[in-house]
Amino acid sequence: MTVREQQDAENVESEERRSFMKKGALATGALALGLGSAGSASAQGRNVLVYTYDYHPQVQFRVVNSLEQATTVRLLERPGGGNVPEISQPDDYDGYIIRYLLGGGGGGQGQITTFVFGRNLSLSQGDTRQFSGDASVFSSTLNLLSTSLRSS
């Protein structure tokens, strides 16, 4: 193996390690904040899923649009394909694009846009909601929290 090939291999391994550590840190951070533990979400009757890094409780957001079913399924599958243990039927979920309303007015510059997923979730474009302040880790593999929606 040449020095260049060895450096390339080390760079790939380093990227994989950083990715793994980042995911672990997100899950650990969520647990340290008292957001619960994996597996407890369904027992608590939560009804929506949101990415851990895009969870902002009690901040109003607007529904931008619904996601196509195929896109929702892809987002709820393990990276590279396949189901995670927490979601055996990703096609049972509805997905929506949401944008947090953070003030500052026009154009949506600096706004946070993300997704929300739920079983039998029915939202319309333009609806405004908030996530509750109570959440738990739903899937550490997908970095998803389980929480509930509140009307705004």
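Residues numbered from 1 in each chain as written. Predicted model: local features only at pLDDT ≥ 70, side-chain atom pairs only at ≥ 80, totals over all residues. Heavy atoms only, no water.

## What to know about the overall build of the protein
Keep this limit in mind: Only DSSP runs of H or I covering at least 4 residues are called helices, and only runs of E covering at least 2 are called strands; the numbering of each starts at the N terminus. When a residue's accessible area, from a 1.4 Å probe over protein chains only, is under 20% of the maximum for its type it is buried; when over 50% it is exposed; and in between it is partly exposed. Should any heavy atoms of two residues lie within 4.5 Å, those residues are considered in contact. Using a 1.4 Å probe, accessible areas were evaluated by the Shrake-Rupley method; residue-level cover was limited to the displayed protein chains.
Counting secondary structure elements, the protein contains two helices and eight strands. When the helices and strands of the protein are listed from N to C terminus, the series reads α-β-β-α-β-β-β-β-β-β. Per-residue burial over the protein gives 32% buried out of 152 residues. At a minimum sequence separation of 6, the contacts of the protein that also span at least 24 residues come to 71%. On the protein, roughly 8,800 Å² of surface is accessible, and the fraction owed to carbon and sulfur atoms is 48%.

## Overview of the nonpolar core
What tends to happen in soluble globular proteins is that the nonpolar side chains get buried as a cluster. Under the convention used in this document: As used here, the term nonpolar core means buried Ala, Val, Leu, Ile, Met, Phe, Trp, Tyr and Cys residues forming a set that is joined through side-chain atoms within 4.5 Å.
Membership of the largest hydrophobic core comes to 16 residues, with the highest contact counts inside it found for Val116, Leu123, Phe131 and Leu149. Those elements that place two or more of their residues in this core are β1 (48–51), β2 (61–66) and β3 (93–100). Top element by residues in this core is β3. It accounts for three residues. If near-sequence neighbours (up to four positions away) are discounted, Leu149 is found in contact with Asn47, Val48, Phe61, Leu121, Leu123, Arg129, Gln130 and Phe131. Counting eleven residues, the second largest nonpolar core, distinct from the first, contains Tyr51, Leu67, Val84 and Phe117.

## Section: the packing of aromatic side chains
Rules: Only Phe, Tyr and Trp rings are paired, with Trp represented by its six-membered ring, and only when their centres lie within 6.5 Å; those with planes under 30 degrees apart are stacked, over 60 edge-to-face, the remainder tilted.
Scanning the model with the defined rule gives eight aromatic pairs in all. Aromatic pair Tyr51 and Tyr53: ring centres 5.6 Å apart, planes at 5°, arrangement stacked. According to the relative accessible area criterion, Tyr53 is partly exposed, its value standing at 45%. A connected cluster of aromatic rings, assembled from ring pairs, spans Tyr51, Tyr53, Phe115 and Phe117.

## So, the pattern of salt bridges
Test applied: Every case where a carboxyl oxygen of Asp or Glu lies within 4 Å of a side-chain nitrogen of Lys or Arg is listed as a salt bridge.
Tallied over the full model, the rule gives one salt bridge. Its salt-bridge partner being Asp127, residue Arg129 comes within 3.9 Å of it at the nearest N-O pair.

## Section: the pairing of strand β7 (residues 144–147)
Which entries qualify depends on this criterion: Paired strands, in this sense, are two strands between which DSSP finds at least two bridges.
Side-chain alternation along β7 places Leu144 and Ser146 on one buried face and Leu145 and Thr147 on a second face that is also buried. Inspection of the sheet shows β1 paired to β7 by four bridges, in the antiparallel sense. Counterpart to Tyr51 in the pairing with β7 is Leu144. Pairing analysis gives three bridges linking strand β6 (residues 136–139) to β7, with the strands arranged antiparallel. When the bridges of β7 are listed, Ser136 appears paired with Ser146. In sequence, β6 turns back onto β7 through a hairpin of four residues, with Asn143 there showing a positive phi of about 55°.

## Structural notes on the sheet that holds strand β5 (residues 128–131)
Applicable threshold: Axis definition: a line fit to C-alpha positions, over the contact stretch in the case of helices; interaxial angles, taken between N-to-C directions, run 0 to 180 degrees.
Taken in spatial order, the eight strands make up an open sheet running β6-β7-β1-β4-β3-β2-β5-β8, and their pairing is antiparallel. The open sheet terminates on both sides in strands that have one partner only, identified here as β6 and β8 (149–151). Averaged over all adjacent pairs, the angle separating strand axes in this sheet is 45°, with direction ignored.

## Here's the deal with the confidence of the model for the protein
Let me state the cut-off plainly: Residue-level confidence of the predictor is what pLDDT reports, using numbers from 0 through 100.
Confidence in the prediction for the protein averages 77 pLDDT; 65% of positions are at 70 or higher. In this model residues 12–46 is a low-confidence stretch, pLDDT under 50, and it forms 35 contacts with partners more than four residues away in sequence or in other chains.

## Notes on unusual backbone geometry
Where the residue is not glycine, phi is negative for most of them; where a peptide bond is considered, it is trans in most cases. Phi angles above zero are rare outside glycine, and Gln58 is one such case at about 60°. Among the residues examined, Gln58 registers a relative accessible area of 46% and is labelled partly exposed. Even without a glycine there, the phi angle at Asn143 is positive, about 55°. Within the element layout of this structure, Asn143 appears in the loop between β6 and β7.

## With respect to the side chain of Thr72
Take Thr72: it is sitting in helix α2 (residues 69–75). With relative accessibility at 0%, the residue Thr72 sits in the buried group. Residue contacts for Thr72: discarding those within four places in its chain leaves Leu67, Tyr93, Asp94, Gly95 and Phe117.

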